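Chain residues, written in single-letter form:
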Amino acid sequence: MQTLKLSVLFCWLVVFSCAEKPALKGENKNWGKSSAEKLKWMSLDEAAAGLQKEKRPVLIDLYTDWCGWCKVMDKKTYNNKDVTAYVQQKFYPVKFDAEGHKSITWNGRTYDFNTRNKTHDFAIYLTNGNLSYPTTVIIPVDGEPQAIPGYLAPNEFELIAKYFGEGKYGKVSFDEYQKNFKSHW
């Protein structure tokens, strides 16, 4: 009987610890985040136009619709208020579907969906053919794409974002920067 009680209690804890908190009246699913706190993603064309006015790195969230970790990164990292504020201030943020079929032009070159690889040629270019989702790609000012594959929690994302956002890329080795880095997120 004691074992049955413990089993029921354990099941109850598992079920309710995984349940989503019910929304309060008038509250959206973002749990109190105002729309001003949401990251405002740009198209590649908008980022290219922005670069003509002000030079800053481009941050590309390379994702697919079927990628579970891409969704987790959207929810936990890109909805984090510190990440959102920093990315909005220091980068041109672009969300790019690696399996999208729309032709795009970047730096005078046109990229299309690649039927043989079942992915977009721009995704292949950004990752140098090493496709993985999610991948955070940062294109430094006047530089080549730097692909960081995999899910990044906000504190992991902070290290990389600040390395590029503070202009340390190309001036200080990443290992040296990482040794002296103090996380604040």
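Above: the structure in question.
Notes on the structure follow. Residue indices begin from 1 for each chain and proceed along its sequence in written order. Restriction of local features to residues with pLDDT of at least 70 applies here, the model being predicted, together with a cutoff of 80 or more for giving and counting side-chain atom pairs; totals for whole chains, interfaces and linings are based on all residues. To get the side-chain values, all heavy atoms of the structure are used, and hydrogens and water are removed first.

This part takes up the packing of aromatic side chains. Pairing of aromatic side chains requires ring centres within 6.5 Å, counting the rings of Phe and Tyr and the six-membered ring of Trp. Pairs whose planes differ by under 30 degrees are stacked, by over 60 edge-to-face, and all others tilted. Enumeration according to the criterion identifies 17 aromatic pairs in this entry. On the basis of an interplanar angle of 90 degrees and a centroid distance of 5.9 Å, the ring pair of W66 and Y133 is categorised as edge-to-face. Here W66, found in the loop between β1 (58–63) and α3 (68–76), pairs with Y133, found in the loop between α5 (121–127) and β7 (135–139); they are 67 residues apart in sequence, far enough to count as distant. Between Y86 and W185, the aromatic rings sit 5.7 Å apart at their centres with planes inclined by 65 degrees, giving edge-to-face as the arrangement. Of this pair, Y86 sits in helix α4 (residues 81–90) while W185 sits in the segment after α7 (174–180), placing them 99 residues apart in sequence. Exposure is judged per residue with a 1.4 Å probe applied to protein chains only, and the accessible area is read against the type maximum: over 50% gives exposed, under 20% gives buried, and values in between give partly exposed. When its relative accessible area of 8% is taken as the criterion, Y86 is described as buried. For a ring to carry a charge above it, either NZ of a lysine or CZ of an arginine must fall within 6 Å of the ring centroid while also lying within 35 degrees of the normal to the ring plane. The ring of Y92 has R56 sitting right over it, with the charged end atom 4.5 Å from the ring centre. In this structure, K95 is placed above the aromatic ring of Y63, and the distance from its NZ or CZ to the ring centre is 5.0 Å. Per the convention used, a helix needs a DSSP run of H or I reaching at least four residues, while a strand needs a run of E reaching at least two, with both numbered from the N terminus.

This paragraph deals with the layout of surface pockets. In this structure, the largest pocket spans a volume of roughly 260 Å³. As for the largest pocket, its lining consists of 17 residues, and the residues nearest its centre are L51, W106, N107, I139 and D142. In terms of residue count, helix α2 (residues 44–53) provides more of the lining of the largest pocket than any other element does, 3 residues in total. Across the lining of the largest pocket, the residue classes tally to 10 nonpolar, 3 polar and 4 charged. In this analysis a 1.4 Å probe is tested at points of a 1 Å grid over the protein atoms alone, and where it fits but cannot get out there is a cavity; an open set with protein on both sides within 12 Å along at least five of seven lines is a pocket; lining residues have an atom within 4 Å of a point. Grid points are joined across faces, edges and corners, and a volume is the space filled by probe spheres set on the points. Three residue categories are used. Nonpolar comprises Ala, Val, Leu, Ile, Met, Phe, Trp, Tyr, Cys and Pro, charged comprises Asp, Glu, Lys and Arg, and polar comprises the others, including Gly.

A few words now on the environment of C70. Counting through the fold element by element, C70 comes out in helix α3. In this structure, the C-alpha to C-alpha distance between C70 and L152, residues 82 residues apart in sequence, is 9.8 Å. Contacts are assigned to residue pairs that have any heavy atoms within 4.5 Å of one another. Apart from the residues lying within four places of it in its own chain, the contact partners of C70 are Y63, T64, Y133 and P134.

Before going further, it helps to spend a moment on the sheet that holds strand β2 (residues 92–97). Across a sheet, strands are paired by hydrogen bonds formed along the backbone, either parallel or antiparallel in direction. Read from one edge to the other, the open sheet built from 4 strands follows the order β2-β1-β7-β8, with strand pairing classed as mixed. Two strands lie at the open edges of the sheet, namely β2 and β8 (146–149), each paired on one side alone. Averaged over all pairs of adjacent strands, the angle between their axes in this sheet comes to 20 degrees, without regard to strand direction. Pairing geometry for β1 and β2, over 6 bridges, is parallel. If you follow I60 over to β2, its bridge partner there is V94. Whether two strands pair depends on DSSP finding at least two bridges between them. Orientation is described by axes fitted as lines to C-alpha atoms, over the contacting stretch for helices, and by angles from 0 to 180 degrees between their N-to-C directions.

The next thing to look at is the nonpolar core. Residue types Ala, Val, Leu, Ile, Met, Phe, Trp, Tyr and Cys, when buried and joined through side-chain atoms within 4.5 Å, form a set referred to as a nonpolar core. Counting 22 residues, the largest nonpolar core has L44, V58, I60, W106 and F122 as its most contacted members. Those elements that place two or more of their residues in this core are α2, β1, β2, β3 (104–106), α5 and β7. Top element by residues in this core is β1. It accounts for 4 residues. The residues touching W106, leaving out its near neighbours within four places in the chain, are L44, A48, L51, V58, Y111, F122, Y125 and I139.

This part is about the state of the cysteines. As used in these notes, a disulfide is a covalent bond between sulfur atoms, one from each of two cysteines. Cysteine sulfur atoms that pair up within 2.5 Å are treated as a disulfide. Within this structure, the stated rule accounts for 1 disulfide. Residue C67 pairs covalently with C70 via a disulfide, S to S 2.4 Å. Disulfide C67 to C70: torsion about the S-S bond roughly 90 degrees, handedness right-handed. For the residue pair C67 and C70, the accessibility class agrees, reading buried in each case.

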